[in-house]
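# Results of the structural survey
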Amino acid sequence: EFHTDKNAQALNKGLEVKREYENDKGPEYSLGVGDTVTVKLTVSGLNSPESYGVIADELPSGMVPINPSFKNEQFTFNRPTYTYGVSGREVTENGMTLSLYRMNSGSQTYTYKARVVSEGEFVVPPATASLMYAPEIYGRSDVGLIRIDKESKLIPSKAAKKAALSLLENKK
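Heads up: these notes are all about the structure in this document. (Residues numbered from 1 in each chain as written. Predicted model: local features only at pLDDT ≥ 70, side-chain atom pairs only at ≥ 80, totals over all residues. Heavy atoms only, no water.)

This brings us to the overall build of the protein. Scanning the protein for helices and strands turns up 1 helix and 12 strands. Ordered by position in the sequence, the α and β elements of the protein form the string β-β-β-β-β-β-β-β-β-β-β-β-α. For the protein, buried positions account for 37% of its 172 residues. For the protein, the proportion of contacts with a sequence separation of at least 24, taken over those separated by at least 6, is 74%. For the protein, the exposed surface amounts to about 10200 Å²; the carbon and sulfur share of it is 49%. (Helix = DSSP H or I, 4+ residues; strand = E, 2+ residues; numbered from the N terminus. Buried < 20%, exposed > 50% of the residue type's maximum accessible area, 1.4 Å probe, protein only. Contact = heavy atoms within 4.5 Å. Areas by Shrake-Rupley, 256 points an atom, 1.4 Å probe, with all protein chains shown as cover.)

Let's shift gears to the sheet that holds strand E5 (residues 63–65). Taken in spatial order, the 4 strands line up as E2-E3-E8-E5 in an open sheet, and their pairing is antiparallel. The open sheet is flanked by strand E2 (16–23) and E5, the only strands paired with a single partner. Strand-to-strand twist in this sheet, taken as the mean axis angle between neighbours without regard to direction, amounts to 35 degrees. Sheet topology places E2 next to strand E3 (residues 36–46); 8 bridges connect them, and they run antiparallel. By the bridge assignment for E3, glutamate 16 is matched with serine 44. (Pairing = 2+ DSSP bridges. Axes fitted to C-alpha atoms, helices over the stretch in contact; angles between N-to-C directions.)

Okay, the side chain of threonine 38 next. Take threonine 38: it is sitting in strand E3. Engagement of the side chain of threonine 38 in a polar contact is seen with the side chain of aspartate 24, the distance being 2.7 Å. Side-chain polar atoms of threonine 38 contact the side chain of lysine 113, separated by 2.9 Å. The residues touching threonine 38, leaving out its near neighbours within four places in the chain, are Glu20, Tyr21, Glu22, Asp24, Thr111, Tyr112 and Lys113. (Polar contact = N/O pair within 3.5 Å; in protein donor to acceptor, adjacent residues only side chain to side chain.)

When you line up the elements, glycine 88 lands in strand E6 (residues 86–91). For glycine 88, a relative accessible area of 23% corresponds to the partly exposed category. Considered as a pair, glycine 88 and leucine 98 are 10 residues apart in the sequence and their alpha carbons are 5.8 Å apart. Not counting residues up to four positions away in its chain, the partners in contact with glycine 88 are Thr97, Leu98 and Ser99.

A word on a nonpolar patch on the surface. Residues Tyr52, Tyr101, Met132 and Tyr133 make up a contiguous nonpolar surface patch of about 470 Å² in total accessible area. Taking the relative accessible area as the measure of exposure, tyrosine 101 reaches 42% and is therefore partly exposed. (Patch = residues over 30% accessible without salt bridge, like charges linked within 9 Å, V, L, I, M, F, W, Y side chains within 5 Å. Salt bridge = Lys/Arg side-chain N within 4 Å of Asp/Glu carboxyl O.)

Moving on to empty space enclosed by the protein. Across all of its chains, the model carries 2 cavities of 30 Å³ or more by this definition. Its volume calculated, the second largest cavity comes out at about 40 Å³. Lining the second largest cavity we find Leu15, Val43, Ser44, Leu46, Met103, Asn104, Gly106, Gln108 and Tyr110. Among the secondary structure elements, those contributing two or more residues to the lining of the second largest cavity are E3 and strand E8 (106–116). (1 Å grid on protein atoms, 1.4 Å probe; cavity = no way out; pocket = protein on both sides within 12 Å on 5 of 7 lines; lining within 4 Å. Points joined across faces, edges and corners; volume = space filled by probe spheres on them.)

Let us look at unusual backbone geometry. Even without being a glycine, tyrosine 52 presents a positive backbone phi close to 60 degrees. Summarising the element assignment, tyrosine 52 is placed in strand E4 (residues 50–58).

Turning our eyes to something else, we now look at the nonpolar core. Proteins that are soluble and globular tend to have nonpolar side chains buried together. Core analysis: the biggest nonpolar cluster contains 28 residues, and Tyr21, Leu31, Ile55 and Met63 have the highest contact counts within it. Elements with a contribution of two residues or more to this core: E2, E3, strand E7 (95–103), E8, strand E9 (120–124), strand E10 (128–131) and strand E12 (144–148). Of all the elements, E3 adds the most residues to this core, at 5 residues. When neighbours within four sequence positions are excluded, tyrosine 21 is seen to be in contact with Leu31, Val37, Thr38, Val39, Glu58, Leu59, Pro60, Met63, Val124 and Ile146. (Core = buried A, V, L, I, M, F, W, Y, C linked by side-chain atoms within 4.5 Å.)

Pasting the structure below:
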């Protein structure tokens, strides 16, 4: 059984970790059972490149990771993206672990796919990043809650924002 402090805050000891879930139907949609989700992990904070890092992410209970090695789970669009330096990827029962040969300075975003399998409100455990040979340099995202609906719904405020941005781009 998984246990986490539901009040845990993000922690930055040299690395900042942020996570975002985006419905593959578009960012203006909520998450619904059966949807495919892109999980975006952004790691930043290093002043210079470092060698040998690891990023570990656990999904909330309402989602399962998609293993692109399985033929029935392969996508021809939006394959998982990894920045230069990723030496290994392990799809776990509850998420993803990335082994990094190199962690670059600045901000790097890594993505993978997940499938929504259950409706309800779920605790989102923190994602972590650390240097293997300098474990004092690490970070984690905060703990959160996520709501998954029976069916995804258009979120009016996000749809309006997307429409406004589209209008602005068309005027350029």
